[in-house]
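These are the residues of each chain, in order.
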Amino acid sequence: DSGVTQTPKHLITATGQRVTLRCSPRSGDLSVYWYQQSLDQGLQFLIQYYNGEERAKGNILERFSAQQFPDLHSELNLSSLELGDSALYFCASSTGSHNSPLHFGNGTRLTVT
Amino acid sequence: EDQVTQSPEALRLQEGESSSLNCSYTVSGLRGLFWYRQDPGKGPEFLFTLYSAGEEKEKERLKATLTKKESFLHITAPKPEDSATYLCAVQARGTGNQFYFGTGTSLTVIP
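Residues numbered from 1 in each chain as written. Chains lettered and ligands numbered in written order. Predicted model: local features only at pLDDT ≥ 70, side-chain atom pairs only at ≥ 80, totals over all residues. Heavy atoms only, no water.

Draft legend 1. Up close: the interface of chain A and chain B. Every contact between the two is made by 21 residues of chain A and, on the other side, 19 residues of chain B. With both sides pooled, the region where chain A packs onto chain B buries about 1600 Å², and carbon together with sulfur makes up 52% of that total. Taken together, chain A and chain B are joined by zero salt bridges. Only strand S4 (31-37), strand S5 (43-50), strand S9 (87-94) and strand S10 (103-104) of chain A provide two or more residues apiece to the side of chain A that touches chain B. Looking at the side of chain A that touches chain B, its residues break down into ten nonpolar, ten polar and one charged. (Contact = heavy atoms within 4.5 Å. Buried area = accessible area lost by both parts, 1.4 Å probe. Salt bridge = Lys/Arg side-chain N within 4 Å of Asp/Glu carboxyl O. Helix = DSSP H or I, 4+ residues; strand = E, 2+ residues; numbered from the N terminus. Nonpolar A, V, L, I, M, F, W, Y, C, P; charged D, E, K, R; others polar.)

Take a look at the structure:
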């Protein structure tokens with residue numbers, strides 16, 4: 001158990017809808033990262049937060065947004081969903097120090113129909 | 001541009017047949033190289049961090065090594081439960097704390 005909790009585990013929704021994915025980092029970790037993993041593809045970095053502030057953005061679509069709250073949990077909001085958004089969405093946390101590894105949750109599997 | 005390339009994409013081994021997975025990287029300055037194991041439908045599980053050329057880390061049947069341009073994950077006498085996708089990632093200087101992941105090697109160990 002990595003200590004990173006993601007909810008829900010599965011989400012099925014229709015095109016055009018909006019969903020929110022939630023992540024609770026490991027105790028003591030200040031940094032949260034979001035990744036997307038489509039079928040047979042690698043991990044695509046979306047966005048990073050550190051102690052409530054956005055630190056870096058990757059290939060995140062304008063339809064997607066995220067935030068990290070004062071209690072350090074994070075939410076990833078996906079709107080105007082398209083079929084191609086179907087994927088596994090992972091949250092990872094780290095202490096935020098250099099060389100500190102990422103610890104991943106077990107993901108939210110999003111299916112857009 | 002910082003890049004991470006893993007090879008082979010897929011590897012099938014007989015139980016007990018040792019082999020190595022490769023992770024080649026091109027970064028402006030390596031802060032750390034990380035190995036992960038990912039089972040289907042699960043999040044990547046952290047295995048090792050390597051910081052400098054010549055460093056080695058071991059865990060059970062796995063041993064990771066690092067040179068200035070690549071890392072190897074050696075699997076000695078693998079068992080079927082070692083079947084998984086193995087990912088490597090690098091963290092580069094000057095990029096904040098960004099991690100660049102390879103696409104992984106899918107390992108299947110046949111009993």
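Back to the text.
Draft legend 2. Spotlight on the packing of aromatic side chains. Within the structure shown, the criterion is met by twelve aromatic pairs over all chains. A ring pair is formed by A:Phe90 and A:Phe104, whose centres lie 6.3 Å apart and whose planes are at 85°; its orientation type is edge-to-face. Remark: A:Phe104 occurs in strand S10 and A:Phe90 occurs in strand S9; sequence separation between them is 14 residues. Taking the relative accessible area as the measure of exposure, A:Phe90 reaches 0% and is therefore buried. A relative accessible area of 3% places A:Phe104 in the buried class. Taken together, the aromatic side chains of A:Tyr33, A:Tyr35, A:Phe45, A:Phe90, A:Phe104, B:Phe34, B:Tyr36, B:Phe46, B:Phe99 and B:Phe101 make up a single cluster linked through ring pairs. (Phe/Tyr/Trp six-rings, centres within 6.5 Å; stacked < 30°, edge-to-face > 60°. Buried < 20%, exposed > 50% of the residue type's maximum accessible area, 1.4 Å probe, protein only.)

Draft legend 3. Seen up close, the layout of surface pockets. In this structure, the largest pocket spans a volume of roughly 690 Å³. The wall of the largest pocket is formed by 30 residues, among which A:Gln37, A:Leu39, A:Asp40, A:Gln41 and B:Thr85 lie closest to the centre. Contributing elements (two or more residues each) for the lining of the largest pocket: S9 and strand S11 (108-112) of chain A together with strand S1 (3-7), strand S9 (84-92) and strand S11 (105-110) of chain B. Approximately 520 Å³ is the volume attributed to the second largest pocket. Around the second largest pocket, the lining is made up of 24 residues, and of these A:Phe104, A:Gly105, A:Asn106, B:Lys42 and B:Gly43 lie nearest the centre. Elements supplying a minimum of two residues to the lining of the second largest pocket: strand S1 (5-7), S10 and S11 of chain A together with strand S5 (45-50) of chain B. Among the residues making up the lining of the second largest pocket, the classes are represented as six nonpolar, eleven polar and seven charged. (1 Å grid on protein atoms, 1.4 Å probe; cavity = no way out; pocket = protein on both sides within 12 Å on 5 of 7 lines; lining within 4 Å. Points joined across faces, edges and corners; volume = space filled by probe spheres on them.)

Draft legend 4. Spotlight on the state of the cysteines. Going through the model one piece at a time under the given rule, you end up with two disulfides over all chains. For A:Cys23, the disulfide goes to A:Cys91, at an S-S distance of 1.8 Å. On the sign convention where negative is left-handed, the bridge of A:Cys23 and A:Cys91, at about -50° about the S-S bond, is left-handed. One end of the pair, A:Cys23, is in strand S3 (residues 19-24); the other, A:Cys91, is in strand S9, and 68 residues separate them in sequence. An identical accessibility class is assigned to A:Cys23 and A:Cys91; each is buried. Sulfur-sulfur distance for the disulfide between B:Cys23 and B:Cys88 comes to 1.9 Å. Residues B:Cys23 and B:Cys88 are joined through a disulfide that is right-handed, its torsion about the S-S bond being 70°. (Disulfide = S-S within 2.5 Å.)

Draft legend 5. Representation of the nonpolar core. Within the largest apolar cluster, 25 residues are counted, with the highest numbers of intra-cluster contacts made by B:Leu33, B:Trp35, B:Leu73 and B:Tyr86. Broken down by element, the residue count for this core peaks at five residues, all from S9(B). With 20 residues, the next largest nonpolar core counts A:Trp34, A:Ile47, A:Leu78 and A:Ala87 among its residues. (Core = buried A, V, L, I, M, F, W, Y, C linked by side-chain atoms within 4.5 Å.)

Draft legend 6. View of unusual backbone geometry. All names here are of chain A. Here Thr7 and Pro8 are connected by a cis peptide whose omega angle stands at -10°. Relative to the helices and strands, Pro8 is located in the loop between S1 and strand S2 (10-13). The backbone phi angle of Ser80 is positive, close to 45°, even though this residue is not glycine. Looking at where Ser80 falls in the secondary structure, it is placed in the loop between strand S8 (74-78) and S9. On the accessibility criterion, Ser80 (42% relative accessible area) is partly exposed.

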